[in-house]
Every structure is written in C-alpha cells, then in structure tokens.
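Close look at the chain arrangement
Chain residues, written in single-letter form:
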Amino acid sequence: MTHITPDHRSAFITDVRTFADFLTATPYVPVPAHLDVTVFPMDGGDEVRRAEIDRIATVLGTTTECDAGHYRTSKPFGRVSYRAVAVSDGARERWDALMSYDGAITPDLSARHKDGR
C-alpha cells in the first residue's frame, strides 16, 4: 500500500476545494472537458501493487482491467474520474529501455515547411 499520511490527504482535499473555489470565482478562466485524478501505488512488487488496486476497486465498487502491463480501476464522477494504476515491473523496464534512446535523434527543424508542417 502506498503510504500517504493523514496530513497529506487532508492538504490534498483542501487544495482540491481551493481549486474548485478558484474556478467558481473566476468564470472567465477556461476549464478542461474532463479531469483525471490518477494514483500509482509504488510500494512493493507487482503482486503488492496489484493487491492495492484490488483493494481500491473494492472501496470504489468497481472492476479491474489489465493491458500492456497496466492493472487499473477507475470511477467517474461526472466530468472528473478517479483512477488507480499499478504499472508492472516489466512495463517499467520496457519504458526505461525506450527512454534510453531519448535524445539520440534530433529532428532537423530547419527543413519544416513554411506552413508549420
């Protein structure tokens, strides 16, 4: 289980309310079409993280799904969604391998068309 202190939880909830109050008070600030709040259990190995997603799904009354090494559950609240995702060790390793090429190729932006393509 990811350890979040009661103080952290309380501060997060306060910040969400402050954000909602700000949007209410400033109607000319645009808002997104939807908002996703995502938590990632980080403690333990694959089995521990998957068990945490199962626990969260039970609390939310939702089901779980898995694809590409991502085990998750989510619950919509209108235009806001709460999502919990456990990323498998294998998926993390594949991502790290992919990112090891970051910066290896630099596009020649001088060759772009004048229209921005």
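The numbers attached to residues start from 1 for each chain and follow its sequence in the written order. It should be noted that, the model being predicted, local features are given only for residues of pLDDT at least 70 and side-chain atom pairs only at 80 or more, the latter also being counted only at that level, while totals for whole chains, interfaces and linings use all residues. With hydrogens and water stripped out, all remaining heavy atoms of the structure feed into the side-chain values.

**Observations regarding the sheet that holds strand β4 (residues 80-87)**
Sheets are built from strands that pair by backbone hydrogen bonding, the pairs being arranged parallel or antiparallel. Which entries qualify depends on this criterion: Two strands qualify as a pair provided that DSSP identifies no fewer than 2 bridges between them. Runs of H or I in DSSP of at least four residues are treated as helices and runs of E of at least two as strands, each being numbered from the N terminus. For every element, the axis is a line fit to its C-alpha atoms; helices are fit only across the contacting stretch, and the angle between N-to-C directions ranges from 0 to 180 degrees.
The strand order across the open sheet formed by four strands is β1-β4-β3-β2, and the pairing between neighbours is mixed. Two strands lie at the open edges of the sheet, namely β1 (35-39) and β2 (65-67), each paired on one side alone. Neighbouring strand axes in the sheet, compared pairwise and without regard to direction, differ in orientation by 30° on average.

**Here's the deal with the side chain of S88**
The condition is simple: By the convention used here, residues are in contact when the closest approach between their heavy atoms is within 4.5 Å.
Looking at the secondary structure, you find S88 in the loop between β4 and α3 (89-99). In this view, S88 contacts D46, R49 and G69; residues no more than four positions away in its chain are not counted.

**Structural notes on helix α2 (residues 46-60)**
To keep it simple, the criterion reads: Between the first and last residue of a helix there are one fewer steps than residues, each counted as 1.5 Å, and that sum is the expected span. Buried residues are those whose accessible area, probed at 1.4 Å on protein chains only, stays under 20% of the maximum for their type, while exposed residues exceed 50% and partly exposed ones sit between those limits. Directions drawn from the helix axis to the C-beta atoms are what define this arc.
The terminal C-alpha atoms of α2, which comprises 15 residues, lie 21 Å apart, in line with the 21 Å expected from a rise of 1.5 Å per residue. Listed as buried for α2 are R49, E52, I53, I56, A57 and L60. Looking straight down α2, one finds its buried side chains confined to an arc of 140°; they lie on one side. The exposed set on the far side of α2, more than 90 degrees from its buried face, consists of E47 and T58. In this fold, the buried residues of α2 make contact with β3 (70-77), β4 and α3. G61 lies just past α2 and shows a positive phi near 75°.

**Focus: the pairing of β4**
As paired strands, β1 and β4 are joined by five bridges and run parallel to one another. Directly across from V39, in β4, lies its bridge partner A84. Pairing geometry for β3 and β4, over eight bridges, is antiparallel. Residue pairing for β4: Y71 is matched across the bridge by A86.

**Regarding the nonpolar core**
Put simply, the rule reads: Note on terminology: a nonpolar core comprises buried Ala, Val, Leu, Ile, Met, Phe, Trp, Tyr and Cys residues joined through side-chain atoms within 4.5 Å.
In this structure, I53, I56, L60, Y71, A84 and A86 together form the largest nonpolar core, which totals six residues. Looking at this core, the elements with two or more residues in it are α2 and β4. Ranked by residue count, the leading element in this core is α2, at three residues. Setting aside chain neighbours within four positions, we find A84 in contact with V39, I53, I56, Y71, R72 and T73.

**Things to note about the packing of aromatic side chains**
Describing an aromatic ring pair means giving the distance of the ring centres and the angle of the ring planes. Note the following rule: Pairing of aromatic rings covers Phe, Tyr and the six-membered ring of Trp, with a centre-to-centre limit of 6.5 Å; geometry is then stacked below 30 degrees between planes, edge-to-face above 60, and tilted otherwise. A ring has a charge above it when a Lys NZ or an Arg CZ is no more than 6 Å from the ring centre and no more than 35 degrees off the ring normal.
A full pass over the atoms with the stated rule returns zero aromatic pairs. It is R50 that lies over the ring of Y71; its NZ or CZ is 3.8 Å from the centre.

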